[in-house]
Amino acid sequence: MAQREPVFPADRHALYEAHGYSAAIRSSDLLFVSGQVGSRPDGSPEPDFKRQVELAFENLQATLKAGGCTFDDIVDVTTFHTDPENQFETIMAVKNRIFDKAPYPNWTALGVNWLAGFDFEIKVIARIPASA
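Residues numbered from 1 in each chain as written. Predicted model: local features only at pLDDT ≥ 70, side-chain atom pairs only at ≥ 80, totals over all residues. Heavy atoms only, no water.

Q: Could you clarify how one ought to interpret the overall build of the protein in this entry?
A: The secondary structure content of the protein amounts to three helices and six strands. Along the protein, from the amino end to the carboxyl end, the secondary structure elements read β-α-β-β-α-β-α-β-β. Whereas a compact globule of 132 residues would reach a radius of gyration of roughly 14 Å, the protein reaches 14 Å, a difference of no more than 12%. Taking the principal axes of the C-alpha coordinates as reference, the protein spans close to 45 × 35 × 20 Å. (Helix = DSSP H or I, 4+ residues; strand = E, 2+ residues; numbered from the N terminus. Rg over C-alpha atoms; globule rule 2.2 N^0.38 Å.)

Put into structure tokens, the structure is as follows:
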């Protein structure tokens, strides 16, 4: 049976300690990344929405790197949005810079009414390359 191995980015955020969770869990050749938000190093939300989305992707990238992955290794994405209709254009602009060519990962977007002070969250599953 595969063991769970916690993965944290080099610049660990305060949210992991405050809420008691791992940034990601490596299990066999899969990396299960917890929801990443646009937090500053102290764990507080970035107030500018576009920058909050960019920071969420930067935090995701750092966690993927710590687990031996890149954006290209992502197979499944789930995003959470507090105001999907009004946020969609901003999120898509950031998303399209990162996932700029096929094959694209699976993607599920959910509207929610609470994200602990944040307005966007992204969680993913990535396949860890054999070389990692």
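Next, the rest of the story.
Q: Hey, could you run me through the side chain of Thr63 in this one?
A: Its place among the elements puts Thr63 in helix 2 (residues 49-66). When near neighbours in sequence (up to four residues on either side) are disregarded, Thr63 contacts Val7, Pro9, Tyr16, Ala23, Ala24, Leu31, Val33 and Gln36. (Contact = heavy atoms within 4.5 Å.)

Q: Hey, could you run me through the nonpolar core in this one?
A: Soluble globular proteins tend to bury their nonpolar side chains together. In terms of nonpolar packing, the biggest core is built from 22 residues, with Leu31, Phe57, Leu60, Leu64 and Ile74 touching the most fellow members. Listed by contribution, the elements that provide at least two residues to this core are strand 3 (30-37), helix 2, strand 4 (74-81), helix 3 (84-98) and strand 6 (120-127). With six residues, helix 2 is the single largest residue contributor to this core. Membership of the second largest hydrophobic core comes to five residues, among which are Leu15, Val37, Phe80 and Phe118. (Core = buried A, V, L, I, M, F, W, Y, C linked by side-chain atoms within 4.5 Å. Buried < 20%, exposed > 50% of the residue type's maximum accessible area, 1.4 Å probe, protein only.)

Q: Explanation requested: the packing of aromatic side chains in the structure shown.
A: For the structure on display, the rule yields four aromatic pairs. Judged by centre distance (6.0 Å) and plane angle (70°), the rings of Phe71 and Phe99 are edge-to-face. Separated by 28 residues along the polypeptide, Phe71 in the loop between helix 2 and strand 4 and Phe99 in the loop between helix 3 and strand 5 (106-111) bring together distant segments of the chain. Judged by its relative accessible area of 15%, Phe71 falls in the buried class. Here Phe99 and Trp107 contribute two aromatic rings whose centre-to-centre distance is 5.8 Å and whose plane-to-plane angle is 85°, an arrangement assigned as edge-to-face. Given the relative accessible area of 8%, Phe99 is considered buried. (Phe/Tyr/Trp six-rings, centres within 6.5 Å; stacked < 30°, edge-to-face > 60°.)

Q: Is there a simple way to explain the layout of surface pockets in this structure?
A: The rolling of a water-molecule-sized probe over the atoms marks out the regions of remaining empty space. Each pocket or cavity is described by its volume, and for the largest pocket that value is around 210 Å³. Considering the residues around the largest pocket, the lining is formed by Phe71, Asp72, Ile74, Ile98, Phe99, Asp100, Lys101, Ala102, Pro103, Tyr104 and Pro105. By residue class, the composition of the lining of the largest pocket is eight nonpolar, no polar and three charged. (1 Å grid on protein atoms, 1.4 Å probe; cavity = no way out; pocket = protein on both sides within 12 Å on 5 of 7 lines; lining within 4 Å. Points joined across faces, edges and corners; volume = space filled by probe spheres on them. Nonpolar A, V, L, I, M, F, W, Y, C, P; charged D, E, K, R; others polar.)

Q: What should I look at first to understand the sheet that holds strand 4 in this one?
A: Strand pairs in the sheet, formed through backbone hydrogen bonds, run parallel or antiparallel to each other. The mixed open sheet is built from six strands, whose spatial order is 1-2-3-6-4-5. With one partner strand each, in any of the chains shown, strand 1 (5-7) and strand 5 form the two edges of the open sheet. Strand-to-strand twist across the sheet, computed as the mean angle between neighbouring axes with direction ignored, equals 15°. Summarising the sheet, strand 1 and strand 2 (residues 24-27) pair through three bridges and their orientation is antiparallel. Its bridge partner lying in strand 2, Val7 is registered against Ala24. Packed onto the sheet, helix 2 meets strand 1, strand 2, strand 3, strand 4, strand 5 and strand 6 and runs at close to 155° relative to strand 3. This element, helix 3, spans strand 4, strand 5 and strand 6 of the sheet and lies at about 145° to strand 4. (Pairing = 2+ DSSP bridges. Axes fitted to C-alpha atoms, helices over the stretch in contact; angles between N-to-C directions.)

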